[in-house]
Amino acid sequence: MAGGGDIKIRPLEQFQLHDVWGLGSVHFTQANAIMALGAALVLALLYFGSRPQAVVPGRLQALAELSYDFTYRMAVDQIGPEGKRFFPFIFTLFFFVLMGNLLGLVPFSFTYTSHIAVTGALAIMVIVMVTFVAVREHGWKFLTYFFPAGAPKFLFPLIVPIEVISYLSRPVSLSIRLFANMVAGHVMFAVFASFVVMLGGASILGAVAAAFPLAINVVLMGFELLVAALQAYVFAILTCIYLHDAVHLH
Amino acid sequence: MDVAAATKLGAGIAVIALAGVGIGIGNIFSALVTSIARNPAARDQVFGLGILGFALTEAVALFALLIAFLILFT
């Protein structure tokens, strides 16, 4: 590899799915494997974390209690006292997304939240549940959600379409935000890593210069750790805000 | 103009949107600094809000970046 110019950057290849276990038309891909691993890790944390029941918690128990407290406070602060009912849902959602983001940062792993199919399914589940909760709480009065009480009557034909569109665009923005964050982060890793390979193959001077993109990748890894936690938090807190709207109607 | 040059130009034009995101994130943090300077006791509550606003604004930047990646690599 003399020139280095013959290397093509193909940063989107890392998102391809491969079967790890297949049976006829049933495909168990690496994304499914990581999903199962993430769920098992959260279950193991809660099981082994809540077993000691010490008054002064050890590290594992403290982690389990902290994660419980954190999501519980998030649900109750945002939704109100009714948040207790939705706490298990918020907890599951937060940790499923968090595990997807964090496990994806392990080298040679796979980020299942980088697929719009996964985040889109999660967002559709959220919006269907929010609508269901709103209809069950308020019945037909749920429709007043699309026309705020204090608004002047003649603005009716203007406000209702805007509110309906903004309601329907929620799952779109919710899913694309998470998916775009993960894809952009991992594509940046791939682009800078290919700079390292290109420069390293070029010459002695290039090999020295290759330290810079490598250093950028190390910094990016720290930044992506922040983004992974932040996007899981944003996904969960927006779900809380939507649930608050459903329970209280504005 | 050939297609290869046009895709590169298109990707460059797509990320012009980042200017607006830069202004937005700057606004968020300037407001955060001002509010913490005025009332340092509120730091814990305001900081979380600022980070939430940052994440929501950053997502807009990533939409533009994603379009640029799609133009370049697909």
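Residues numbered from 1 in each chain as written. Chains lettered and ligands numbered in written order. Predicted model: local features only at pLDDT ≥ 70, side-chain atom pairs only at ≥ 80, totals over all residues.

A separate point is the overall build of chain B. The helix and strand tally for chain B stands at three helices and zero strands. Helices (α) and strands (β) of chain B occur, in sequence order from the N terminus, as α-α-α. Its C-alpha atoms give chain B a radius of gyration of 17 Å, clearly above 11 Å, the size a compact globule of 74 residues would have. Evaluated residue by residue, chain B yields a buried proportion of 9% over its 74 residues. If you take every contact in chain B between residues at least 6 apart in sequence, the share linking residues at least 24 apart comes to 76%. (Helix = DSSP H or I, 4+ residues; strand = E, 2+ residues; numbered from the N terminus. Rg over C-alpha atoms; globule rule 2.2 N^0.38 Å. Buried ≥ 20, exposed ≤ 12 C-beta atoms within 10 Å, placed from the backbone. Contact = placed C-beta atoms within 7 Å.)

Turning to the nonpolar core, a few remarks are in order. Residues I90(A), L93(A), F94(A), V97(A), A232(A), F235(A) and A236(A) are the most contacted members of the largest nonpolar core, which totals 50 residues. Contributions of two or more residues to this core are made by α1 (30-50), α2 (59-79), α3 (83-103), α4 (116-138), α5 (156-202) and α7 (211-248) of chain A together with α3 (43-73) of chain B. Take this core: its biggest share by element is eleven residues, from α7(A). Those residues in contact with A232(A), other than ones at most four positions away along the chain, are F94(A), V97(A), L98(A) and N101(A). (Core = buried A, V, L, I, M, F, W, Y, C linked by C-beta atoms within 7 Å.)

Size of an interface, as often reported, equals the accessible area lost when the parts are brought together. Across the boundary between the two partners, chain B contributes twelve residues, which contact 13 residues of chain A. For the side of chain B that touches chain A, a count of residues per class yields eleven nonpolar, one polar and no charged. (Nonpolar A, V, L, I, M, F, W, Y, C, P; charged D, E, K, R; others polar.)

Residue and element names in this part refer to chain A. Spanning 21 residues, α1 covers 30 Å between terminal C-alpha atoms, matching the ideal 30 Å at 1.5 Å per step. Every buried residue of α1 is listed here: A31, I34, G38 and G49. Projected onto a plane normal to the axis of α1, the buried residues spread over an arc of 65 degrees and lie on a single side. Turned more than 90 degrees away from the buried face of α1 sit A36, A40, L43, A44 and Y47, all of them exposed. (Expected span 1.5 Å × (residues − 1). Arc of directions from axis to C-beta.)

Our focus in this paragraph is the pairing of strand β2 (residues 26-29) of chain A. Residues and elements named next belong to chain A. As defined by bridge partners, strand β1 (residues 19-23) adjoins β2 across four bridges and the pair is classed as antiparallel. Across the sheet, D19 pairs through a bridge with T29, a residue of β2. Following β1, the chain reverses through two residues before pairing antiparallel with β2; G24 in that reversal takes a positive phi of roughly 65 degrees. (Pairing = 2+ DSSP bridges.)

Bringing the confidence of the model for chain B into the picture now. Residue and element names in this part refer to chain B. This prediction gives chain B a mean pLDDT of 89; 100% of its residues lie at or above 70. The element-level mean pLDDT for chain B is lowest in α3, coming to 84, with helix α2 (residues 18-38) highest at 95. Our summary of model confidence lists the complex with pTM equal to 0.86 and ipTM equal to 0.74. (pLDDT = per-residue confidence, 0-100.)

Take the environment of T7(B) next. In this structure, T7(B) sits in helix α1 (residues 3-14). With residues up to four places along the chain from it excluded, the contact list for T7(B) reads I71(B) and L72(B).

All names here are of chain A. One non-glycine residue, Q53, adopts positive backbone phi at about 55 degrees. For Q53, the position within the fold is in the loop between α1 and α2. Classification of Q53 by C-beta neighbours within 10 Å gives exposed; the count is 7.

Our next topic: the environment of H27(A). All names here are of chain A. Mapping H27 onto the fold places it in strand β2. Here H27 falls in the partly exposed class, since 14 other C-beta atoms lie within 10 Å of it. C-alpha separation for the pair H27 and L17, spaced ten residues apart in sequence, amounts to 9.8 Å. Once residues lying within four places of it in the same chain are set aside, the contact partners of H27 are D19 and G22.

The next subject is the environment of V135(A). Examined against the element boundaries, V135(A) turns out to sit in helix α4. Spatially, the C-alpha atoms of V135(A) and V247(A) are 9.4 Å apart, while their sequence positions differ by 112 residues.

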